[in-house]
Amino acid sequence: MAATPEASSFESFSRLARNVDPGSNAGLPGLSVPAGLSPEGLPVGLEIDGLPGDDRKVLASGVMIEGVLGRIAPPAR
């Protein structure tokens, strides 16, 4: 059975959307804080989401976490 264009588009969208924070699609404040490197040397981030209007709390949380973790070295090239 051949895939219809609609099914193919949905499948492509689903593959892309699985790595997107749902909060950003809902208009919620969010922030990604660098959290280190994977064993393969790829950057890893911590996603912080808040309730509507909690922008300052989200930013304050990010500042606090960055203070605890310190500066994360960039991946080796």
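Cut-offs and rules
What you see as residue numbers is a count from 1 along each chain, following the sequence as written. Confidence filtering applies because this is a predicted model: local features only for residues at pLDDT of at least 70, side-chain atom pairs given and counted only at 80 or more, and all residues used for totals across whole chains, interfaces and linings. The side-chain figures draw on all heavy atoms in the structure; neither hydrogens nor water molecules are used. By definition, any uninterrupted DSSP run of H or I lasting at least four residues is a helix, any uninterrupted run of E lasting at least two residues is a strand, and each is numbered from the N terminus. When accessible area is computed with a 1.4 Å probe and restricted to protein chains, residues below 20% of their type maximum are described as buried, those above 50% as exposed, and intermediate ones as partly exposed. Any two residues whose heavy atoms approach within 4.5 Å are treated as being in contact. Surface accessibility in these figures is a Shrake-Rupley result with a 1.4 Å probe; residues are shielded only by whichever protein chains are displayed. Whether two strands pair comes down to DSSP finding at least two bridges between them. Take a side-chain nitrogen of Lys or Arg and a carboxyl oxygen of Asp or Glu: if they are within 4 Å of each other, that pair is a salt bridge. Every residue carries a pLDDT, the predictor's confidence in it, which falls somewhere between 0 and 100. Under the convention used throughout, the expected extent of a helix is 1.5 Å for every residue step, that is, one less than its residue count. Of all possible arcs, the one meant is that of the directions from the helix axis to the C-beta atoms.

Under the annotation held in an unreviewed UniProt entry, the protein chain carries the name Amidase domain-containing protein and is attributed to Rhizopus delemar.

**Q** Which parts of the structure should I look at to understand the overall build of the protein chain?
**A** Helix and strand counts for the protein chain come out as 3 helices and 2 strands. A buried classification covers 16% of the 77 residues belonging to the protein chain. Relative to all contacts within the protein chain whose residues are 6 or more apart in sequence, the contacts with residues 24 or more apart total 39%. By element, 61% of the accessible surface of the protein chain is carried by carbon and sulfur atoms, the whole surface being about 6300 Å².

**Q** I keep staring at the pairing of strand E2 (residues 43-49) and nothing clicks. Help me out?
**A** Each regular strand shows side chains that alternate between the opposite faces of the sheet. Sheet topology places strand E1 (residues 30-37) next to E2; 7 bridges connect them, and they run antiparallel. Opposite leucine 37, over in E2, you have proline 43 as the bridge partner. Counting the residues that bridge the hairpin from E1 to E2 gives 5 residues, and of these glycine 41 lies at a positive phi of roughly 90°.

**Q** Sorry, what's going on with the pattern of salt bridges here?
**A** Applying the stated criterion across every chain yields a total of 1 salt bridge. Ionic pairing is found between aspartate 54 and lysine 57, a salt bridge with its closest N-O pair at 3.9 Å. Overall, lysine 57 belongs to the exposed group, its relative accessible area being 57%.

**Q** Which parts of the structure should I look at to understand the confidence of the model for the protein chain?
**A** Atom-level detail of predicted coordinates should not be read off regions where pLDDT is low. Overall, the prediction assigns the protein chain a mean pLDDT of 81, with 77% of residues at 70 or greater. When mean pLDDT is taken per element in the protein chain, helix H3 (residues 55-69) scores highest with 94 and helix H1 (residues 5-17) scores lowest with 66.

**Q** It is not clear to me how H3 should be interpreted in this structure. Could you clarify?
**A** An α-helical turn contains 3.6 residues, so a residue and the one three or four places further along point in the same direction. Its 15 residues place the ends of H3 21 Å apart at the C-alpha level, agreeing with the 21 Å of an ideal helix rising 1.5 Å per residue. Within H3 the residues assigned to the buried category are Val58, Gly62 and Ile65. On an axial view of H3, the arc spanned by its buried residues comes to 70°, and they lie on one face. Turned more than 90 degrees off the buried face of H3, the exposed positions are Arg56, Lys57, Leu59, Val63, Met64, Gly67 and Val68. On the buried face of H3, the contacting elements are E1 and E2. Where H3 terminates, the next one or two residues include glycine 70, which has phi positive at roughly 75°.

**Q** What's the story with the environment of glycine 62 in this structure? I'm lost.
**A** Take glycine 62: it is sitting in helix H3. What makes glycine 62 buried here is its relative accessible area of 4%. Between the alpha carbons of glycine 62 and serine 32 there is a distance of 7.9 Å; along the sequence they are 30 residues apart. Apart from the residues lying within four places of it in its own chain, the contact partners of glycine 62 are Leu31, Val33 and Ile48.

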